[in-house]
Amino acid sequence: DVQSGATFDFAGNGEDMGFIRGAGTINMGGTNQAVRVGAAGFYAFAGQYSGATSNLIVRGAAHTLYLSGGNSSYTGNTAVEIGTLIVAASAPAAGGTNGSLGNAGSEVLLGHTTTSAGTYNAALLLDVAGTTVGRPLRLRTNTSAGVTTN
């Protein structure tokens, strides 16, 4: 839980975490790192997620991450492998503008990459009217995935 005004600095280390929530800043501090979240439950993050080429990955069948902050600056991918990501602030395309899914032209990936037996459900929901995602959305193979707008 990163409170408003606080910073959680990973110092360039990727991390598997149960969840992120709060309104502070999560700083990856390195390149090609990822925060992977997946604990069962609903978690709201209104803060800023930052880091050069850092990735944000949702990976939990009963995990829902609600992003309402519109000032994240990470430049890596956003992936929903298993679970739900709800976006309540716009995610503009690259070009110097921060947004709920960072400041990148990279893809928003939906689905898991494994080919083992089973179905992996991934969902991207746009919660607020007028919310936009100006980045490419890519559905991965072996996935039941969808995008829903409110």
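**Observations concerning the sheet that holds strand β3 (residues 25-27)**
So, step 1. Taken together, the three strands give an open sheet; going across it, the order is β1-β3-β6, and neighbouring strands pair in parallel fashion. If you trace the sheet from one side to the other, it starts and ends with β1 (7-9) and β6 (48-50), each paired once. Between one strand and the next, the sheet's axes are offset by a mean angle of 10°, whatever the strand orientation.
So, step 2. The pairing of β1 with β3 spans three bridges and is parallel. Each residue of the ladder has a partner; that of D9, found in β3, is N27.

**A closer look at the packing of aromatic side chains**
So, step 1. Taken as a whole and assessed by the stated rule, the structure comprises four aromatic pairs.
So, step 2. Between F19 and Y43 the ring centres are 4.4 Å apart and the planes differ by 5°, which places this aromatic pair in the stacked class. Taken together, the residues F19 in the loop between β2 (15-17) and β3 and Y43 in strand β5 (residues 41-45) connect sequence positions 24 residues apart.
So, step 3. Y43 sits in the buried class, given a relative accessible area of 10%.
So, step 4. Residues F42 and Y66 carry aromatic rings whose centres are separated by 5.9 Å and whose planes lie at 40° to one another, so their mutual orientation is tilted. Of the two residues, F42 is situated in strand β5 and Y66 in strand β7 (residues 55-67); the sequence distance between them amounts to 24 residues.

**Quick word on the confidence of the model for the protein chain**
So, step 1. Residues at a pLDDT of 70 or more form 84% of the protein chain, whose mean pLDDT is 82.
So, step 2. Least confident of the elements in the protein chain is strand β12 (residues 143-149), whose mean pLDDT is 58; most confident is β5, at 95.

The rules behind these values
- Residues numbered from 1 in each chain as written.
- Predicted model: local features only at pLDDT ≥ 70, side-chain atom pairs only at ≥ 80, totals over all residues.
- Heavy atoms only, no water.
- Pairing = 2+ DSSP bridges.
- Helix = DSSP H or I, 4+ residues; strand = E, 2+ residues; numbered from the N terminus.
- Axes fitted to C-alpha atoms, helices over the stretch in contact; angles between N-to-C directions.
- Phe/Tyr/Trp six-rings, centres within 6.5 Å; stacked < 30°, edge-to-face > 60°.
- Buried < 20%, exposed > 50% of the residue type's maximum accessible area, 1.4 Å probe, protein only.
- pLDDT = per-residue confidence, 0-100.

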